[in-house]
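# Residue-level structure breakdown
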Amino acid sequence: MNSSITFQLKVKQIALNCNFELTWGNSQVIDVNLNYPSSLSISYNQWHRAYLNYYHRMRGKALNSGKLKITVDTHKQLVDAEAQLLHEFERWLLSPELVSIRREIASSVSKTSPQQPVEIFLTCTPVELAKLPWESWDIVTEFGAPGKIRIARVSANIRFGTVTPIRRKARVLAIFGDDSNLKFDAEEKALKSVQSKLYIEFIDCRQIYNEGNVVELKTKIVQAISDTRGWDMLFFAGHSNESQLTGGELFIAPQISLSIHEIEDALKQAKKRGLQFAIFNSCSGINIAESLINIGLNQTIIMREGIH
């Protein structure tokens, strides 16, 4: 049986230069530099606008009868923008400067079985590079290798810590934030369906906000996260957004946000008391994930883009 093969690929951009560093095995390294094309950023931004525009327009609205309305095929715009982004991205990765990296990976793929993919742990700096469609990198087809690769994104800063096995019901803190244009029925039903196996405490921001004020709501969330009994998992559902200065924003009420910076101390206390895992069922969470990983919470699930 073939042993598993893994690579670490670090891609670091400084101005218009990108450094690719591939490491594997017994400290083996391939290091190359490549220009970053401005056309790739333009294509990503065009795709991003088309993506948001298409899903925003999917919110159907009734039209007044008897009025002619010129419609725009936003789905075609999205398909075209996606094709252009993939074209620009794949053309960049096919640059001659990267042939040594591609060949090394393809060579390893050919030595494994189809059931045992070669794994590439990808670290991007800055994190915006991680938004590019790295999964589309078709090294296997280029070199005719019979196996396959699997790419996983890894944070640049990971603090290793001891994970203590849980010999009781796992404790889960579930926070439901601003639900404007959202419905949490499915999430609540899913969590309640496993209450026989987990201890789950719900924080309904909507109800607290309607009964009190913003300061009270933020205080209650901070106190819940830093509860002395500790948590094993943190779950958040609602709207969120990127914010490099504050580590990401969670919207807990209409037009009211709570930054990761504001709850950082509470999260650190929760980490010391056993918090191991976080799920953010909310939009644009890369900054949030990076903030949690910097705190030491390495197991985090987020949504990378804005979601309809």
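Placed above this text is the structure.
It should be emphasised that the depicted structure is a prediction, and the values quoted were computed from it without experimental measurement. As a convention, each chain's residues are numbered from 1 in the sequence order in which they are written. Given that this is a predicted model, residues contribute local features only at a pLDDT of at least 70 and side-chain atom pairs are listed and counted only at 80 or more, while totals for whole chains, interfaces and linings are drawn from all residues. To get the side-chain values, all heavy atoms of the structure are used, and hydrogens and water are removed first.

### Considerations on the overall build of the protein chain
The line we're drawing: Under the scheme used here, helices are H or I runs from DSSP no shorter than 4 residues and strands are E runs no shorter than 2 residues, and both carry numbers assigned from the N terminus. When a residue's accessible area, from a 1.4 Å probe over protein chains only, is under 20% of the maximum for its type it is buried; when over 50% it is exposed; and in between it is partly exposed. Throughout, a contact is declared for two residues whenever any of their heavy atoms are within 4.5 Å. In short, Shrake-Rupley with a 1.4 Å probe defines the accessible areas, and a residue's cover is counted only from the protein chains shown.
Secondary structure assignment for the protein chain yields nine helices and 13 strands. Overall, the C-alpha framework of the protein chain stretches about 65 × 60 × 40 Å when taken along its three principal axes. In the protein chain, buried positions account for 42% of the 308 residues. If you take every contact in the protein chain between residues at least 6 apart in sequence, the share linking residues at least 24 apart comes to 68%. As displayed, the protein chain offers around 17,500 Å² of accessible surface, 52% of which is attributable to carbon and sulfur atoms.

### Side note on the environment of Gly274
Note on placement: Gly274 falls in the loop between helix H8 (264–272) and strand E12 (277–281). On the accessibility criterion, Gly274 (23% relative accessible area) is partly exposed. Sequence separation between Gly274 and Thr164 is 110 residues; the distance between their C-alpha atoms is 7.7 Å. In this structure, Gly274 is in contact with Trp231 and Asp232, ignoring residues within four places of it in sequence.

### Focus: the packing of aromatic side chains
Selection rule: Only Phe, Tyr and Trp rings take part, Trp by its six-membered ring, and two of them pair if their centres are within 6.5 Å. Stacked means planes under 30 degrees apart, edge-to-face means over 60, and tilted covers everything else. Counted as over-ring charges are cases with an Arg CZ or a Lys NZ within 6 Å of the ring centre that also lie within 35 degrees of the ring normal.
According to the stated counting rule, one finds 16 aromatic pairs in the structure shown. Three or more aromatic residues link up through ring pairs in this structure, and these residues are Phe20, Tyr36, Phe89, Trp92, Trp134 and Trp137. In this arrangement the basic side chain of Arg171 is found over the ring face of Trp231, its NZ or CZ atom lying 4.3 Å from the centre. Lying over the aromatic face of Phe202, Lys192 brings its terminal NZ or CZ to 5.9 Å of the ring centre.

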